[in-house]
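# Summary of structural features
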Amino acid sequence: MCGIVGYLGKSEAVPVLFDLLRRLEYRGYDSAGIAILNGSIQTSKAKGRVDNLISITPEIMGCTGIGHTRWATHGEPSSENAHPHCNCEGSIAVVHNGIIENYIELKDKLIASGHKFRSETDSEVLPHLIEEYYDGDLESSVRNALSHVRGSYAIAVVSTDEPDQIVIARKDSPLVIGLGNNEHFVASDVAAILKHTKDVIFMGDGEIGVINGGGVKVTTLGGGSVEKNIETIDWDPESAEKSGYEHFMLKEIFEQPAVIRETLSGRISSDGIDLDAALPNVRRIVILACGTSYHAGLFGRYVIERFARIPVDVEIASEFRYIDPIIDCGDLVIAITQSGETADTLAAIREAGSRGSQKLGVVNMLGSSITRECPCIQTRAGPEIGVAATKSFTSQLAVLLLIAIRLGSERRMITTAEMNDLAAGLRQISGNIQRVLNDAARTRECAKLFAGANQFMFMGRGANYPCALEGALKLKEISYIPAEGFAAGELKHGPLALIYEGIPVVAIATKDAVYEKMLGNIKEVKARGATVIGIANESDTEIERYVDHVLRVPDADPWIAPILSSVVLQLFAYYVAYYRDCEIDKPRNLAKSVTVE
Ligand code: AGP
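Residues numbered from 1 in each chain as written. Predicted model: local features only at pLDDT ≥ 70, side-chain atom pairs only at ≥ 80, totals over all residues. Heavy atoms only, no water.

## Structural notes on the pattern of salt bridges
What the rule picks out here adds up to 34 salt bridges. With its nearest N and O atoms 3.2 Å apart, the salt bridge here joins Glu 255 to Lys 251. The class of Glu 255 is buried, set by a relative accessible area of 17%. Asp 276 is the partner of Arg 267 in a salt bridge, and the nearest nitrogen-oxygen pair spans 2.7 Å. Members of the salt-bridge network, linked through shared partners, are Asp 19, Arg 23, Lys 195 and Glu 241. (Salt bridge = Lys/Arg side-chain N within 4 Å of Asp/Glu carboxyl O. Buried < 20%, exposed > 50% of the residue type's maximum accessible area, 1.4 Å probe, protein only.)

What follows is the structure in structure tokens.
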């Protein structure tokens, strides 16, 4: 959940590290720090945002350094707990992303042998442990130290004894090296270094790397040699910039026509659906994911069961890994994850694999951990910097539709007419999303009316139910307004008790098989005083008689319409948060990827 960075080259390290940290800030923003090698190690740390760090950092010269932006797990956000952490002598500095599970045991031993700790973090054991095992060679000392560590880590280490060198290592936390012109960059993910270089080496689990003027050498923690490929990332560096938008979230919402075009590009033809990975013929599918990706999974269940007639279970990854799941080689487990780094999702798919199930990933981040676990289908949404997932969600929905169509046609469960309708609908989807965006001013005006609300309800039925959950999640994570999403058919089983005079209820009421039932649910909440914001098709002339406000989406196939409604809900959440003056791209207590349990 933290971001680590490093730089070694001919330029001054401080501005480069600040640039990398700013780009990684979405991974954590409780505190930040840097350490620069220039004879000694000079550190600068601050509580809060990277901008705070920049404002308090004195001039520090030096062409080698490491940095960190933190999402606190062990120890409150403070400058003492900010990374980098140093050994007793101040000759070794370490930045760490992950959790050292046996840190108490290690810390006790280190204190007993005279080490002095300055922070409450688990990470501080690392520089002391490296100091304890220091044998004059930083690489072998790091290797030795790590052999005593249990947990997850991506680390970067510098030492005054070896001034032109950074040692890095990873286990279960992402780490990438960028190869520039006589300079090297280290970061937790590629989006941070795209501006500097597109040539990268992804570190694998259990690998240790030494970066110096001679280049990069990677070996296993056990000392075995490793041949690393240099990969060229074809993402446009501009995709990781705000490009004039006030927030990354807004930019990413507006990117969706192009993103979905890219997601579908080359994948739909008269021969069928072409995906990056084979889809095995299985008895059952289990979808594993967290948060927004879990909501995409719920949508996946509806479309796969509808068009391929394969039973689908959708599980929250953090639950699945501990329920002793019943799963075997007749099952296909699909892990959906934007980051490809979510600890629970990775652990859950490993658990499924260990029980013999077949595995598939639906992932956005190139080179992320999940791509090493199983064959993956890329959602191709490009870097998503806003903590609130937007374009990654709609691209996941599009990929799940493609999976459903492909499985349906392989199993001869989908008719040619259905396939043609869906394919035609998907071809029009980018244009239809654009029409939703063209109407953003109306959504903005509506959101402004409700920015003062202190509670929201979102309801939908069928494939719109996952959208209702996602609409509620989007609103609560960026505006901090309690919001509940529910299946409208459940109203009378409980949620109706929450309805009071004036409570805003967002009802997704696009035309589908349960449209009439949805109108019935709207009447039920209206009768109890709710103010209803309906999301309805452009051609729906009836809806205005039922609701107080209408936000329109173009007419579309009912299995595609949820993608359009999701865009409206994202805009709605964005503008409510905007009018409440919230920190939209960096909501409190959250970070973009949850790489710890
Ligand atoms: C949603 O806006 C959040 N960013 C969060 O729920 C996210 O979807 C979840 O943490 C899963 O992340 P992943 O897709 O990267 O695995």
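## Examining the packing of aromatic side chains
Counting across every chain of the model gives 10 aromatic pairs. Relative to Tyr 579, the ring of Tyr 578 has its centre 5.3 Å away and its plane inclined at 85°; by these criteria the two rings are edge-to-face. Here Tyr 579 falls in the partly exposed class, since its relative accessible area comes to 27%. Among the aromatic residues, those joined into a ring-pair cluster are Phe 450, Phe 456, Phe 458 and Phe 572. (Phe/Tyr/Trp six-rings, centres within 6.5 Å; stacked < 30°, edge-to-face > 60°.)

## Quick notes on the pairing of strand β24 (residues 504-508)
Taken across its 5 residues, β24 has 5 buried, putting it largely inside the fold. Note that strand β22 (residues 456-460) and β24 share 3 bridges and pair parallel. Across the sheet, Met 457 pairs through a bridge with Val 505, a residue of β24. Note: β24 against strand β25 (residues 531-537), 5 bridges, orientation parallel. The residue of β25 that forms the bridge with Ile 508 is Ile 535. Of the crossover connections in this fold, the one passing from β24 over helix α16 (residues 515-527) to the parallel β25 is right-handed. (Helix = DSSP H or I, 4+ residues; strand = E, 2+ residues; numbered from the N terminus. Pairing = 2+ DSSP bridges. Right-handed = clockwise from strand over helix to strand, strands pointing away.)

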